[in-house]
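# Examining the three-dimensional arrangement
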Amino acid sequence: DSEVVATTIMDGDGKGSVVTFRNREGNKSVLTGFTIRGGTGTKERDSSIHNEIVGGAIYCYVASPSIIGNVIEGNRVPNDLLASGGRGEGGAVWLIASRAIISRNVFRNNEASRGGAVFVSRSVHPAVISDNVFENNTGS
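Attention in this report is confined to the structure presented alongside it. Keep in mind the model is a prediction, meaning the values are calculated, not measured. (Residues numbered from 1 in each chain as written. Predicted model: local features only at pLDDT ≥ 70, side-chain atom pairs only at ≥ 80, totals over all residues. Heavy atoms only, no water.)

## Describing the side chain of Ser 17
Take Ser 17: it is sitting in the loop between strand S1 (9-11) and strand S2 (19-21). Taking relative accessible area as the criterion, Ser 17 reaches 17% and is therefore assigned buried. A polar contact is formed between the side chain of Ser 17 and the side chain of Thr 42, at a distance of 2.7 Å. If we skip the residues at most four places from it in the chain, Ser 17 touches Gly 41, Thr 42, Val 54, Gly 55, Gly 56, Ala 57 and Tyr 59. (Helix = DSSP H or I, 4+ residues; strand = E, 2+ residues; numbered from the N terminus. Buried < 20%, exposed > 50% of the residue type's maximum accessible area, 1.4 Å probe, protein only. Polar contact = N/O pair within 3.5 Å; in protein donor to acceptor, adjacent residues only side chain to side chain. Contact = heavy atoms within 4.5 Å.)

Next comes the structure, spelled out in structure tokens:
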């Protein structure tokens, strides 16, 4: 119900990623029915990733949740958030080693240096991203 999604808001208030999946959650972990906004990402601690802030709204590391039927808007992780010139990835969603299902979401007005809406990497079995709407997201 679009009215429920519009009024059920998770707001990060500029204090990091709004939602985190980091404990090998599977597709039965479902995030649905929210407007998710105001995220600024998480400083990645993985030793192979240096100086990055990632996952403005949703940070997903070695986990494969189902992200369905949300509005993900107004999240921002650009380079200028990093004091020493690193980069921001996944303005809305950052997926590493993930087989997440991302479907029927609206991604709007998200920003990152790389992957304005969604950034995906290191997935042997890739995430399934289908039937989403992407509007005015910026990134290289």
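After that view, the rundown keeps rolling.
## Comments concerning the sheet that holds strand S16 (residues 118-121)
If you walk across this open sheet you meet the 4 strands as S2-S7-S12-S16, and the pairing is parallel. One side of each edge strand has no neighbouring strand; the edge strands of this open sheet are S2 and S16. Here the average twist between neighbouring strands, direction ignored, is 5°. (Pairing = 2+ DSSP bridges. Axes fitted to C-alpha atoms, helices over the stretch in contact; angles between N-to-C directions.)

## A look at a nonpolar patch on the surface
Where nonpolar side chains cluster on the molecular surface, the patch consists of Val 120, Ile 129 and Phe 134 and spans about 240 Å² of accessible area. With respect to the helices and strands, the residue Phe 134 is situated in strand S18 (residues 133-135). (Patch = residues over 30% accessible without salt bridge, like charges linked within 9 Å, V, L, I, M, F, W, Y side chains within 5 Å. Areas by Shrake-Rupley, 256 points an atom, 1.4 Å probe, with all protein chains shown as cover. Salt bridge = Lys/Arg side-chain N within 4 Å of Asp/Glu carboxyl O.)

## Considerations on the environment of Ile 102
With respect to the helices and strands, the residue Ile 102 is situated in strand S13 (residues 101-103). A residue is classified by how much of its surface remains accessible, and Ile 102, at 0% relative accessible area, is buried. If we ignore the near neighbours within four places in the chain, the residues touching Ile 102 are Ile 67, Val 93, Leu 95, Phe 107, Val 128, Ile 129, Ser 130 and Asn 132.

## Looking at the sheet that holds S18
An order of S1-S4-S9-S14-S18 is seen for the 5 strands of this open sheet, with the pairing classed as parallel. Because the sheet does not close on itself, it has two edges, and the strands there are S1 and S18. Across the sheet, the mean angle separating the axes of adjacent strands is 10° when strand polarity is ignored. In the sheet, strand S9 (residues 71-73) pairs with strand S14 (residues 106-108) via 3 bridges, with the strands oriented parallel. What sits directly across from Glu 73, in S14, is Arg 108.

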